[in-house]
Every structure is written in structure tokens, then in C-alpha cells.
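Residue strings, one per chain:
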Protein chains: 2
Amino acid sequence: MNSDPDFDIYHPTPLLIVISGPSGAGKDTVVQLMKERGLPFHFVVTATTRPKRPNEINGKDYFFVSKEEFARMIEQNELIEYAIVYGDYKGIPKSQVREALASGKDVVMRVDVQGAETVRKLAGDALLIFITTENGEELERRLRERRTETLDELALRIATARKELKRVEAFDYVVFNCDDRQDETVDLIEAIINAEHHRVKPRKVTL
Amino acid sequence: MNSDPDFDIYHPTPLLIVISGPSGAGKDTVVQLMKERGLPFHFVVTATTRPKRPNEINGKDYFFVSKEEFARMIEQNELIEYAIVYGDYKGIPKSQVREALASGKDVVMRVDVQGAETVRKLAGDALLIFITTENGEELERRLRERRTETLDELALRIATARKELKRVEAFDYVVFNCDDRQDETVDLIEAIINAEHHRVKPRKVTL
């Protein structure tokens, strides 16, 4: 910007942006809208051991890896976080995030609340955004509307969401995602990211 | 928002927003543009002992007070900060800021760098935004263009600006104000304020 060190006070540092929140808050839709806006972020691609479906593209939808490869990544501590989902493994490779940040790009990842807390432990300076609905009734309504679950499963999901809401304190920002104003949600997330790039003390993520 | 305490996680807290930066950065213009946008802020009115000019309105341009009254405010610790400008006193009454915050309004004040540091000491949770030009040449050019000063005075102003730039570390955000993109400056300040209202840990200012 300027060769005079007195005036060289701005160092844009790429951010590690974590979009999280309780089940039913609309995390996937929000991240999808961010992608559609063509924002200049690297959106993290998850690695999984489940078989590729015909319509999926390796490296775009997921990185499809063998169980042996996934086991190696766990052992060598190469994953930011991982979980077992319906018997298959899913996880976020550190290398991918590291490379994107090194290239100067902000990195966006969508993880559940527990995963966000894991990211915080690993990278204290990550930017954690908690997405939720405006109130509890709305969250319950959305969980009910999925209709893919038994009543027991629904009760479990609601109880989990309630627990997840209590963990907002571990986050930096809270954003309310209303069904009919999802564009405002994304506007606000953009504003937060823009503001964060102008912090005097930048967040410095190392993995 | 919601009667269920589990879901009651958002408490919008009014902000004390300090717009500051070196001489020549364009603080006045930026605050003027904020006013013109009709943003719902309380813009602080400074108290001064200098005589009212015909075109000025008491309570809008300044609060015009006597030297006795000003002395009383200093003594009773009723000013956030004050300074002597060309033999007259100027200062910001605490009561005004306190009342605006109590009514739930964000408060905006424009002060010099030293004044901003005083505000920080008094209200650690104030939101301090440092406005500057994109580089040093630009700042010098603007100071030169004022043409109201002798060469000695100009040299003094440039040296002061250089010193003021080094105090950016005391601020929360830094915003570059380009001559031909001042609307972007105000957009960014709005984004910062919007983001700050969604922090999980709100800034709580008491005066």
C-alpha cells in the first residue's frame, strides 16, 4: 500500500469463517446462498468415506476417500474435525484450509455446534458465526417440517437444538435467520466479514 | 423476542461510536455523510464557550455555554473530554451521551486521536473507529490543500498526523477514506456498526 512504514497500518489477513448453529437454523441454505452470490471465498469441501452418488462430483460435493485413507488422516492428525454419520466418516482436511488461507482467501466452513467448538480449540482466532432462528417456536416448526423423522427422533432433535443454543457464548457473532429474509442473513454475514477485515488487531489463524 | 430464556440470546446494546483519525483524514465529511443518510444515531453536540455565530443554532451546532458553566462542568467531572481551541473551551458533556444511550440509541462522536484515547480510558467498551487516507502522500496532499496555514504550521500538522497514525493500535477498526469513494467509507462504518450489534459479547458502556 505504501512504502513508508508509518503509514503501512493495514494488513488484510484471510479469515477462517465458521458458519454454525443448531439443527434447523438453516446453515446449509445460508452457505448455499453465499456460494450463489459468487463471494470470493474458499468453501470447504468435506472428505467422506461414503460411496459417491451418480450426480456427485469428487472435489466439489465431497472428497471421496477410502476408509484406509481416512484412518491415515485421523492418525496423522490431518483433520480439523471429523464425525461418524450413519456409519460413514466425514471430516475436514487441515491441508485444504491451510492452502486456501495461504493463497490469501477467506475460508468458509459449515459445521455443527460441537464442531465449531473443536475449531475454536484448534484455531482460537477463527471467526465463529452462530446462526439461529428468531425464536424457539420457529426452530421447532422447522424441525417438525422436515417430516423425515419419528416423534422420538424429533424430540431428540429439539432437545439437542435447545442444548446447542446454550453454547452461543463460545461464538463471536449471532445472526438470526428468518425464513422470508434469508438474503438479509447473508447481507449481515457479509457485513461481519467486511468489518472483521478492518479490525486493527487481525485474527491470525494457524493450523 | 421470546419468553423462553433458552432462546433469549440477543440483547441489542447501544454503542458509543467514536469516529477519529489524523488531521486531514476527512472525519468531518464522514460524520456529515452519516447525518445525511438519516441513520438512527444520536450525534453528539459539543459544548463550547465561544460566542454563537449568527447562522448557528444552540443545541444543534453547539451548546453555547458561559465560561463559568464550563468551569463548573470541568470541576464536577461532567465532561468526557475537553480541549482549549484558540482560547475557547470545547467539550463533550457526559450527561448527553448517557441520556442518548439510556434511550437505546447508538451515540456517534467525532474526536481527535488524543480525545479518542481519553474516551477509551473512560469507557473501555466504546467502539473506536480510526479513519485515515489510503497512504501518506494523500494525507499530506489534503493537509496542503487546505491552504489556510503557513509552511511552519503545515509542517507541524504533517508531523502531528504522522504521530497520530502510530496510535492506531488503540482503536478497534481502521477505515480508509478515499476522496472519490467516501460513500464506501460510510458503507463500511455502517457494516462495522451492524456487525458489532451482533456480537455475542456486547460492549457495555457506562459513563
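*Asks:* Before we move on, could you go through the sheet that holds strand S8 (residues 127–132) of chain A and cite the residues and values that matter?
*Replies:* Residue and element names in this part refer to chain A. Judged by pairing direction, the sheet is parallel, and its five strands sit side by side in the order S2-S7-S1-S8-S9 without closing on themselves. A single partner strand is all that each edge strand has here, and the edge strands are strand S2 (41–43) and strand S9 (173–176). Neighbour-to-neighbour, the strand axes of this sheet turn through a mean angle of 25°, independent of strand direction. Sheet strands touched by helix H1 (residues 27–36): strand S1 (16–20), S2, strand S7 (106–110) and S8. Its angle to S7, the strand with the most contacts, is close to 150°.

*Asks:* Give me the lowdown on the confidence of the model for chain A, citing residues and values where you can.
*Replies:* With 93% of its residues at a pLDDT of at least 70, chain A reaches an overall mean of 90. If you check the scores for this complex, the pTM reads 0.89 and the ipTM reads 0.87.

*Asks:* Any details on the nonpolar core? Residues and values, ideally.
*Replies:* Across soluble globular proteins, nonpolar side chains have a tendency to be buried as a group. Ranked by internal contacts, the top residues of the largest apolar core, which has 94 residues, are Leu16(A), Val18(A), Ile129(A), Leu16(B), Val18(B) and Ile129(B). Setting aside anything within four residues of it in sequence, one finds Leu16(A) in contact with Val97(A), Leu101(A), Val107(A), Ala123(A), Ala126(A), Leu127(A) and Val205(A).

*Asks:* Kindly report on the domain arrangement of chain A, identifying the contributing residues and their values.
*Replies:* Residue and element names in this part refer to chain A. The domains assigned to chain A are domain 1 (9–40 + 105–196) and domain 2 (45–104). Taking the mean C-alpha position of each, domain 1 and domain 2 sit 20 Å from one another. Elements supplying a minimum of two residues to the side of domain 1 that touches domain 2: S7 and helix H4 (113–122). For the side of domain 1 that touches domain 2, the leading source of residues is H4, giving four residues. A per-class count over the side of domain 1 that touches domain 2 returns seven nonpolar, two polar and one charged.

*Asks:* Account for the sheet that holds strand S6 (residues 88–93) of chain A, with residues named and values stated.
*Replies:* Residue and element names in this part refer to chain A. Pairing is mixed across the open sheet formed by four strands, whose spatial order is S4-S3-S6-S5. Of all strands in the sheet, those bounded by a partner on one side alone are strand S4 (63–64) and strand S5 (79–85). When strand S3 (residues 47–48) meets S4, the two strands line up parallel, connected through two bridges. Pairing of Ala 47 across the sheet is with Phe 63, part of S4.

*Asks:* Kindly report on the pairing of strand S1 (residues 16–20) of chain B, identifying the contributing residues and their values.
*Replies:* In summary, the side chains of a regular strand alternate between the two faces of the sheet. All names here are of chain B. Counting buried residues in S1 gives five out of five residues, a clear majority hidden from the surface. Where burial is concerned, the two faces of S1 agree: the one with Leu 16, Val 18 and Ser 20 and the one with Ile 17 and Ile 19 are both buried. Bridge analysis of S1 against strand S8 (residues 127–132) gives four bridges, and the strand direction is parallel. Along S8, the bridge assignment pairs Ser 20 with Phe 130.

*Asks:* Would you mind going over the pairing of S6(A) in detail, with residue names and values included?
*Replies:* All names here are of chain A. Bridge count between S3 and S6: two bridges; the pairing is antiparallel. Within the sheet, the bridge partner assigned to Thr 48 lies in S6 and is Lys 90. In this sheet, S6 lies alongside S5 in antiparallel orientation, the contact comprising five bridges. Residue pairing across strands places Ile 84 opposite Tyr 89, the latter belonging to S6.

*Asks:* Just give me the short version of the environment of Met73(A), but keep the residues and values in it.
*Replies:* Residues and elements named next belong to chain A. Checked against the element boundaries, Met 73 lands in helix H2 (residues 67–75). Residue Met 73 is classed as partly exposed on the basis of its C-beta count, with 19 C-beta atoms lying within 10 Å. Each C-alpha atom of the pair Met 73 and Ile 92 lies 9.9 Å from the other, and the pair is 19 residues apart in sequence. If we skip the residues at most four places from it in the chain, Met 73 touches Glu 78, Leu 79, Gly 91 and Pro 93.

*Asks:* Just give me the short version of the environment of Val111(A), but keep the residues and values in it.
*Replies:* Residues and elements named next belong to chain A. Tracing the backbone through its elements, the reader meets Val 111 in the loop between S7 and H4. Judged by C-beta crowding, with 22 C-beta atoms within 10 Å, Val 111 ranks as buried. Considering only alpha carbons, one finds Val 111 and Glu 81, 30 residues apart in sequence, at a separation of 9.2 Å.

Reading guide: rules and limits
- Residues numbered from 1 in each chain as written.
- Chains lettered and ligands numbered in written order.
- Predicted model: local features only at pLDDT ≥ 70, side-chain atom pairs only at ≥ 80, totals over all residues.
- Pairing = 2+ DSSP bridges.
- Helix = DSSP H or I, 4+ residues; strand = E, 2+ residues; numbered from the N terminus.
- Axes fitted to C-alpha atoms, helices over the stretch in contact; angles between N-to-C directions.
- Contact = placed C-beta atoms within 7 Å.
- pLDDT = per-residue confidence, 0-100.
- Core = buried A, V, L, I, M, F, W, Y, C linked by C-beta atoms within 7 Å.
- Buried ≥ 20, exposed ≤ 12 C-beta atoms within 10 Å, placed from the backbone.
- Domains from an automatic or database assignment.
- Nonpolar A, V, L, I, M, F, W, Y, C, P; charged D, E, K, R; others polar.

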